[in-house]
Structures are given as C-alpha cells and as structure tokens.
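Residue-level structure breakdown
Take a look at the letters that make up each chain.
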Amino acid sequence: MTTADVDITITVPELGEAVVEATITRWLKSVGDAVEFDEPLLEVATDKVDTEIPAPAAGVLIEIIEPEDTVVAVGATIARLGVAPPDAVSQRQPEPATQPPAPTQTPDDLQLRGEEEAADQADRVETLPRIRRTIARRMLESLQISAQLTTVVEVDLTTIAGLRAEEKQAFFDRTGTKLSFLPFVVVAAVQALGEHPIINASLDPDCTEVTYHGAVHLGMAVDGPKGLMVPVIRDAQNKSIAEIAQSIAESATAVREGTIRPDDLSGGTFTITNTGSRGALFDTPIINQPQSAILGVGAVVERLVPQHDHGSLLIGTRSMAYLSLSYDHRIIDGADAARYLSTVRTRLEAGFARAELM
C-alpha cells in the first residue's frame, strides 16, 4: 500500500424485504489477498437465502472485522478493502506452486493405506447449514399450524407428449430453452386457479379471514446445492408456455448458481414442485406457508392403459403422470381439491395447440 491508496469499508448490503441481519458463513478471501471488482468476497446466510457479497472495487483485503459464524446487521461494516494501483495488485499475486511428483506406491503401501482407511470409518458429525435449519423449521411449522391433506389424480399426457416430440427442437431453437412436460402442467394448473380461487388463497393466523389472491405468484420448488428453495414467478397467469418455460429455467439456474435474490423467494401465492424430475411417481408435499395448497408433479411414464372406444376395449401405451395436491383442510375441502385437480386434468388431456407454444 502507498500513501495514495484508499481504504474502502465493506458493509452488509440490503438482502431483501424484511431481512435485517445475516450470518457470515464463509470468507472466500483472506487478509492480504488481491481481489477484482465484483469478485465474491464472502458468503452470508439469511432466513430466506444464502448469497455472496462481492467486492465493490479491485484492491487488497486489508482487514476482516467480522469473522465467520458472526450474525451481522444489514449495513454493518465487516471488512476493509485497500484500493491499490493495478500494478501493485498484480505484484501481490502469488506464483503458482510447483507440485512435487507423487511418490510411487508399493503393494505393501496400498495394503497399509487400506487398513488405515478401514479403521477411520467412524461417524461424521457436521453442523447443519443455516439454510437447512431454516427449511427444517419451516417444514415443521407448516405441519403444526395447518391441517394438511393430499389428494391424487392420474392424468393422460399422451396428446401433449406428441406435440412436445414434434416441436421441442423448434422450441429450443426459438427460445433457447428445453421443452419439458412441466410448462404445460404449470399453465394448466395456473389457468385452473381462476375457476377455483380457494386454492390460490391464504388464511390469516386467527382463522377469521381468507384472502383470495387476484394474481398468481407461482412458487417453483428447486433442489439446489444448498437445499430446497422456492423462487417466485410473478403474475404467472399472464405468461405463455414459452414464458413459463424460460422463467422456470432462469429461476433454477439462479438457485443452483447461488445468484438468487431474497426478494425472488417471497410473495408466492401457490407452489408447484416437480418431484417427477427425480423419478418419483408422486409424493405428499408440504404446504409453503402462508399459502393454502401445493401441487406435486410426478414422473411421466409410459404404461399400458385400457380405453373404451365405441363399446370396444382397447389397450394401448399412454404417457401417464400423477398430480398430487396437498391443501389446508381448514379452508379447502376434499371436494374442492378434487374439483380443482379434475379441471387441471381436463385441460391437460385436451392438449395444446401448436400456436400456444409461441
């Protein structure tokens, strides 16, 4: 550092609506390390999301004020960055270390190492990450504060499977997004909410008022490397199949790359989880509070299915899937859930026109 260098304080930025503090989970740089502008400096965790805080300028990290595992308020100073001339920064870059050649291992060495590894197979205890602790708490709370029940129907997606097979390459060329079955199910599920507003509603904590949401802010559950997150697609009722497919892909990428913003995870009115992407036939998903329902989409499988055609019994291969709706029985009855799922099934089995993919 020279007398012309300037110290910059690193503070905790705004991390989303109603987020007032965060936990420093990991420093990605050490004191003395050179950093580039916008390069991640550290990771923090909130009740809503894990995220990275980038460097506001290029320079050298000269002090870490708040260590790992510290809870810090939004706006708090956590480090100091020295903004050095570019040549000074480059001079601090360490030379790559020369790795010595690996020693040759003899059969006696391998046998000894195997015996040591066998003796070292003890239980491993790890601290549960903050985001996993938050998920655990919310899932338990959801079951404790609402009366949850699940209804399941089976849907024939053969017509959609044919359209998808014909159009998926052109769809990808046009949008840059792969065409899966999920966007079709999402569009049908969102459209059906207009006919069954109780499914897109929220009950107040005192069980005295129900809010029927005018818009569908759709939560899409995503299995990320740090745990389950539910980014929200705003005003899903106004989006086409192509727009839904792109929104799903963008949200999933943001979760898996750790760039999802806290505000993208709040405000949902209804949630869909695609457990079929991992091969599950169906499940009983837990409601994402304060919502009143969540739709689970099972794997699409080909099965031999009997059908009646003008009095004749035909058996053919069909593309079938299960849809499971978990709902809050305090305000949604089984008949309500069944009627909603029936509307979704009818829409899907009717199929979509090629023009609806544009």
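As shown above, the structure is provided for reference.
Okay, so let's go over this structure.

Cut-offs and rules
Here, residues in each chain are numbered from 1, in the same order as that chain's written sequence. Only residues with pLDDT of at least 70 get local features here, since the model is predicted, and only at 80 or more are side-chain atom pairs given and counted; chain-wide, interface and lining totals rely on the full set of residues. With hydrogens and water stripped out, all remaining heavy atoms of the structure feed into the side-chain values. The numbering of helices and of strands both runs from the N terminus, where a helix is a DSSP run of H or I of at least 4 residues and a strand a run of E of at least 2. Three labels apply to residues, based on accessible area from a 1.4 Å probe with only protein chains included: buried if under 20% of the type maximum, exposed if over 50%, partly exposed otherwise in between. By the convention used here, residues are in contact when the closest approach between their heavy atoms is within 4.5 Å. Polar contacts, as counted here, are pairs of nitrogen or oxygen atoms within 3.5 Å of one another; within protein the pair requires one atom able to donate a hydrogen and one able to accept it, and residues that are adjacent in sequence qualify only if both atoms are side-chain atoms. Two strands qualify as a pair provided that DSSP identifies no fewer than 2 bridges between them.

In this section: the environment of Glu68. In this structure, Glu68 sits in the loop between strand S6 (59-64) and strand S7 (71-73). The class for Glu68 is partly exposed, based on a relative accessible area of 40%. Placed 24 residues apart in sequence, Glu68 and Val44 show a C-alpha to C-alpha distance of 9.1 Å. Setting aside its immediate chain neighbours within four residues, Glu68 contacts Ile24, Thr25, Arg26 and Trp27. Within the structure, the side chain of Glu68 is placed 3.0 Å from the backbone nitrogen of Trp27, a separation counted as a polar contact.

What the four strands build is an open sheet, ordered S1-S8-S6-S3; its pairing is antiparallel. Because the sheet does not close on itself, it has two edges, and the strands there are strand S1 (6-11) and strand S3 (34-35). Here six bridges tie S1 to strand S8 (residues 77-83), and the two strands are oriented antiparallel to one another. When the bridges of S8 are listed, Thr9 appears paired with Arg80.

Of note, the bond from Gln289 into Pro290 is cis; its omega dihedral lies within 30 degrees of zero at 5°. Position of Pro290 relative to the elements: it lies in the loop between strand S16 (270-273) and strand S17 (293-297). Phi is positive for Asp235, which is not a glycine, with a value near 50°. Even without a glycine there, the phi angle at His310 is positive, about 55°. Here His310 shows up in the loop between strand S18 (301-309) and strand S19 (312-328).

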